[in-house]
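If you want the building blocks of each chain, they are given just below.
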Amino acid sequence: MKKFFTILSLSLFLVCLCTSEGQAQNKINASKLDKKINSYMSFPLLSQEDMIGEVSVSFTVNPKGKIDVLRIDSSNPHLIPYVMKRLNLIVLPKDDRMIGSIQNYLINFKNEENRI
């Protein structure tokens, strides 16, 4: 009976270990894309238009590492071309794990007075 519980405990430990390593690897890969998006998406301070609002965007990363937008929505129509322009600047390495994946982001644009 002790052998059974020992083997069961060891099996559960290995399953948990493998799962956590996979999740950590996904976080590392996702953070590369997140870092690029965060570096390219900034509040458009020099715009003459009202650039406050949220943008919901769904995109895929093509084999060349470029972003292909599938869907983009915003309550502020001035933000859509700005976000499209900024996303077109992002290029991931061709061996990145995000290639072929579909990503969904909600990007908030707030001025300095409304930030927490």
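Residues numbered from 1 in each chain as written. Predicted model: local features only at pLDDT ≥ 70, side-chain atom pairs only at ≥ 80, totals over all residues. Heavy atoms only, no water.

(A) Geometry of the environment of K32. Within the element layout of this structure, K32 appears in helix α1 (residues 2-40). Accessibility expressed as a relative area gives 44% for K32, which makes it partly exposed. Separated by 64 residues in sequence, K32 and D96 place their C-alpha atoms 9.0 Å apart. (Helix = DSSP H or I, 4+ residues; strand = E, 2+ residues; numbered from the N terminus. Buried < 20%, exposed > 50% of the residue type's maximum accessible area, 1.4 Å probe, protein only.)

(B) Layout of the pattern of salt bridges. Across all of its chains, the model carries one salt bridge by this definition. For R71, the salt bridge is made with D73, and the minimal N-O distance between the two is 2.9 Å. Given a relative accessible area of 40%, D73 falls into the partly exposed group. (Salt bridge = Lys/Arg side-chain N within 4 Å of Asp/Glu carboxyl O.)

(C) Representation of the packing of aromatic side chains within the structure. If you walk through the whole model with that rule in mind, you get two aromatic pairs. Arranged with centres 5.7 Å apart and planes meeting at 10°, the rings of F59 and Y105 form a pair that is stacked. Of the two residues, F59 is situated in strand β1 (residues 53-61) and Y105 in strand β3 (residues 102-109); the sequence distance between them amounts to 46 residues. Residue classification places F59 among the buried residues on the basis of a relative accessible area of 0%. In this structure Y105 comes out as buried when scored by relative accessible area, which is 17%. Between Y82 and F109, the aromatic rings sit 5.9 Å apart at their centres with planes inclined by 75°, giving edge-to-face as the arrangement. With Y82 in helix α2 (residues 79-87) and F109 in strand β3, this pair connects stretches of sequence that are 27 residues apart. We classify Y82 as buried; its relative accessible area is 15%. Here F109 falls in the buried class, since its relative accessible area comes to 4%. (Phe/Tyr/Trp six-rings, centres within 6.5 Å; stacked < 30°, edge-to-face > 60°.)

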